[in-house]
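Survey of secondary and tertiary structure
Now for the letters of each chain:
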Amino acid sequence: ELGFDGRLEEVAGGSPEENAATARAVLDGEPGPSRDLVTLNAGAAIYVGGRASDLGGGIAAATETIDSGAGKEVLGRLVETTRSLAEAGRRSSGR
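Conventions used here
Here the residue numbering is sequential within each chain, running from 1 through the sequence in written order. For a predicted model such as this one, the threshold for reporting local features is a pLDDT of at least 70, and the threshold for listing and counting side-chain atom pairs is 80 or more; totals across whole chains, interfaces and linings nevertheless cover every residue. Heavy atoms throughout the structure, all of them, feed into the side-chain values; hydrogens and water do not. A run of H or I in DSSP becomes a helix once it reaches four residues, and a run of E becomes a strand once it reaches two; helices and strands are each numbered from the N terminus. Note on method: radius of gyration uses C-alpha positions; expected globular size equals 2.2 Å times residues raised to 0.38. We call a residue buried when its accessible area falls under 20% of the maximum for its residue type, exposed when it is over 50%, and partly exposed in between, using a 1.4 Å probe and counting protein chains only. Contacts are assigned to residue pairs with any non-hydrogen atoms lying within 4.5 Å of each other. Each accessible area value is a Shrake-Rupley result obtained with a 1.4 Å probe; residue values ignore everything except the protein chains displayed when judging cover. His is not counted, nor are the chain ends; Lys and Arg add positive charge and Asp and Glu add negative charge. Charge placement uses NZ in Lys and CZ in Arg. For Asp and Glu, CG and CD serve respectively. Fitted lines through C-alpha atoms give the axes, limited to the stretch in contact for helices. The angle between two N-to-C directions lies from 0 to 180 degrees. For classification, angles of less than 35 degrees are called roughly parallel, those exceeding 145 degrees roughly antiparallel, those between 65 and 115 degrees roughly perpendicular, and all remaining angles oblique. A clockwise turn of the near helix away from the far one marks a right-handed crossing, whereas an anticlockwise turn of less than a right angle marks a left-handed crossing. Amino acids are sorted into nonpolar (Ala, Val, Leu, Ile, Met, Phe, Trp, Tyr, Cys and Pro), charged (Asp, Glu, Lys and Arg) and polar (every other residue, Gly among them). When a carboxyl oxygen of Asp or Glu is within 4 Å of a side-chain nitrogen of Lys or Arg, the pair counts as a salt bridge.

Comments concerning the overall build of the chain
From N to C terminus, the chain includes four helices and zero strands. When the helices and strands of the chain are placed in sequence order, the string is α-α-α-α. Taken over the C-alpha trace, the chain has a radius of gyration of 16 Å; the compact-globule value for 95 residues is 12 Å, which it surpasses by more than 25%. If you line up the chain on its principal axes, its C-alpha atoms span 55 × 30 × 20 Å. For the chain, the proportion of its 95 residues judged to be buried stands at 13%. A separation of at least 24 residues holds for 47% of the contacts in the chain among residues at least 6 apart in sequence. Accessible surface for the chain amounts to roughly 6800 Å². Of this, 55% is attributable to carbon and sulfur atoms. Considering the chain, the positive charge centre built from 10 side chains and the negative charge centre built from 15 side chains are found 13 Å apart.

Structure representation (structure tokens):
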């Protein structure tokens, strides 16, 4: 109905490194079941949050966010902020 096709085994998690690589691949626009699952979940959140009039609109918005590079940009800012905060915590604790 929504145009997604895949099996659960295709999106099973792995090690932290594997999961990070999958997330980066999705945000780089790589097609496949992981991207499908991400756009479906994000689309549902967008719809439930009132930012789309229906699930299809939410999926379209999620797809555009990935395709435009905006999702990758947000991840980059999150990684940089996390690293900065970790470094500040190490400095303040004397490590």
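Digging into the environment of leucine 75
Looking at the element boundaries, leucine 75 is found in helix α4 (residues 70-92). On the basis of relative accessible area, leucine 75 is assigned to the partly exposed category, the value being 26%. Each C-alpha atom of the pair leucine 75 and threonine 22 lies 13 Å from the other, and the pair is 53 residues apart in sequence. When sequence neighbours within four positions are dropped, the list of residues in contact with leucine 75 reads Arg24 and Leu27.

What to know about the packing of helix α2 (residues 33-48) against helix α3 (residues 55-67)
Between α2 and α3, the shortest axis-to-axis distance is 7 Å and the interhelical angle comes to 120°. Taken together, α2 and α3 sit at an angle that is classed as oblique. Both α2 and α3 take part in a crossing whose hand is right-handed. On α3, the residues touching Arg35, Val38, Thr39, Leu40, Ala42, Gly43, Ala44, Ile46 and Tyr47 of α2 are Leu55, Gly58, Ile59, Ala61, Ala62, Thr63, Ile66 and Asp67. The residue makeup of the contact of α2 with α3, split by class, is eleven nonpolar, four polar and two charged.

As for the side chain of threonine 39
With respect to the helices and strands, threonine 39 occurs in helix α2. If sequence neighbours within four positions are ignored, threonine 39 has contacts with Phe4, Ile59, Ala62, Thr63 and Ile66.

Observations concerning the pattern of salt bridges
Per the stated rule, a full pass over the model turns up five salt bridges. In this structure, aspartate 67 engages arginine 35 in a salt bridge whose closest nitrogen and oxygen atoms are separated by 2.7 Å. Pair noted here: aspartate 67 is in helix α3 and arginine 35 is in helix α2, with a separation of 32 residues, a long-range link. By relative accessible area, arginine 35 is classed as buried at 12%. Two residues, glutamate 87 and arginine 91, come together in a salt bridge whose shortest N-O distance is 3.6 Å.

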